[in-house]
Amino acid sequence: MLDLAQRMSRAKPSAIMAVANKAKALKAQGKDIISFSIGVPNFLPGPHVYAAVEEALKHDTGQYGSNRGPDALLDAFIKHMEQIGLTGYGRENIVTGDGAKHVLYNLFEALLNEGDTIAFPVPYWTSYVDIAEIVGAEIDLIPALAEQNYKITPQQLEEAMARKPKVFLFNNPSNPTGMVYGPDEVKALADVLVKYPDTWIITDDIYNRMLFDGVEYTNFIMHQPALRDRVIFVDSLSKTYGMPGWRLGFAAAPTAVANAVVTLNSNHITNVSEMVNAAGVAALTGPQDVPEQKCREFESKRDLVMDVLNSIEGVVCPRPQGAFYVFPDISCAFGKTHGPTGQAIANDVDFCNALLESKGVACVPGSAFGAPRSIRISYTCPTPQLQPGMDRIASFFSELS
Ligand SMILES: Cc1ncc(COP(=O)(O)O)c(C=O)c1O
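Just so it is clear, the model here is predicted, and its values are computed rather than measured. (Residues numbered from 1 in each chain as written. Predicted model: local features only at pLDDT ≥ 70, side-chain atom pairs only at ≥ 80, totals over all residues.)

S.K.: How should I be thinking about the domain arrangement of the protein in this particular structure?
M.R.: By convention, interface size is frequently given as the accessible area that disappears when the constituent parts associate. Structurally, the protein comprises domain 1 (6-44 + 290-398) and domain 2 (47-285). Between domain 1 and domain 2, the C-alpha centre-to-centre distance is 26 Å. Mapped by element, the contributors of at least two residues to the side of domain 1 that touches domain 2 are helix H1 (15-28), helix H11 (289-310) and strand E9 (325-326). At seven residues, the largest contribution of residues to the side of domain 1 that touches domain 2 is made by H11. Looking at the side of domain 1 that touches domain 2 residue by residue, the classes come out as 22 nonpolar, seven polar and eight charged. (Domains from an automatic or database assignment. Helix = DSSP H or I, 4+ residues; strand = E, 2+ residues; numbered from the N terminus. Nonpolar A, V, L, I, M, F, W, Y, C, P; charged D, E, K, R; others polar.)

Below you can see the structure in the form of structure tokens.
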């Protein structure tokens, strides 16, 4: 019998998309659904981005583009990096891809042999595990529990690094927790990393401009410049600029790594669409009012969400300072029954199913992120839906016994 490659037995469709699809199906049946599931920013880029695309269409050359990305885009990205404090990069260090997910996929391909270990904190963004499994890497999870604000300690990192992973992957601000490591915390981790020269470090920091409470973005190399030879910075237009469907991601890396990703690009995508590249230049170099205003809006939405969560007895939720997620520990609900429907809640999946079916609110079970005591709330829905959605969650809790 004809069969698929073995790696496909390890490949799974996205768990987040499964929840989003279920919510969509219920909505299509006419149910009143509020979706806190998928991590989309839910706004559109400024008009200058659309104007740049129109202009690019007028000047289409009809040719393939660069496997790395056009110079204007590489330069725009270098400038963006300088603005967030990452200086000293040249075009040879930069490479583009079809979103950060594709860039990460390429990096895993480029850096990990089958059987090599990649270490990263849990809760994690789901695709880290999925891609690592496809490329046949071993995964070493470093627990970052709610009690420790979903952040790993230098001691934990030291222990993980002593196990000699080929790659350490770090995500700051975090999806799914929204937590942000401050400068002192990043420095303390950088001081550990610098002692282990045989490990590549990927910093997936695509929410680097979505920060609240005056917190500033920092990267390991700002504290330990020697790490520049091993740190790969990943970024994307998706969240900051309201452009998830446009598919444009970046890496800034030591030249050999950037070149490896360019080679992979040359063998599959060839280049990101030239229209999207033009949009990327406009987004990065044009007016920043839309992303800045949206960031402030997310900050006040975070406040509203936290106010409701803090009012629910038994729910523990570290206060996020970035991205647009909160990740409450809802394990106080386990072992209880939802009165009106009689549904028993044994775990996070039961919780999300019962919440969706009884209250029409879609959240993602924490097990999708390796943290089954929690759920993820993505709070980018239209503002008028936010308070009612959170009230429904509070009401759901009040009906458990
Ligand atoms: C932490 C993190 N990294 C990468 C990605 C992928 O982003 P992109 O849309 O650029 O592929 C996401 C998207 O949810 C994310 O949350």
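S.K.: Looking at this model, I keep getting lost on the site of the ligand. Mind explaining?
M.R.: Within the structure, the ligand sits among 13 residues, and Gly99, Ala100, Lys101, Ser236 and Ser238 are positioned closest to it. Here the residues of the shell around the ligand sort into four nonpolar, seven polar and two charged. (Near = placed C-beta within 6 Å.)

S.K.: I would appreciate a short explanation of the packing of helix H12 (residues 348-359) against helix H13 (residues 383-398) in the present structure.
M.R.: When two helices pack together, their arrangement is captured by the angle between the axes and the distance separating the axes. Across the interface, H12 lies against H13 with an axial gap of 11 Å and an inter-helix angle of 110°. Classified by the interaxial angle, the pair formed by H12 and H13 is roughly perpendicular. Classified by chirality, the crossing of H13 by H12 is right-handed. On H13, the residues that touch Leu355, Ser358 and Lys359 of H12 are Arg392, Ile393, Ser395 and Phe396. Of the residues belonging to the contact of H12 with H13, the class tally is three nonpolar, two polar and two charged. (Axes fitted to C-alpha atoms, helices over the stretch in contact; angles between N-to-C directions. Parallel < 35°, antiparallel > 145°, perpendicular 65-115°, else oblique. Left-handed = near helix turned anticlockwise from the far one by under 90°. Contact = placed C-beta atoms within 7 Å.)

S.K.: Would you mind showing me how to read the pairing of strand E3 (residues 117-122) here?
M.R.: Put simply, side chains in a regular strand alternate between the two faces of the sheet. Alignment of E3 against strand E4 (residues 138-143), held across six bridges, turns out to be parallel. Note on E4: the bridge partner recorded for threonine 117 is glutamate 138. With helix H5 (residues 126-134) bridging E3 and the parallel E4, this β-α-β connection has right-handed handedness. Pairing analysis gives two bridges linking E3 to strand E5 (residues 167-171), with the strands arranged parallel. Across the sheet, isoleucine 118 pairs through a bridge with valine 167, a residue of E5. (Pairing = 2+ DSSP bridges. Right-handed = clockwise from strand over helix to strand, strands pointing away.)

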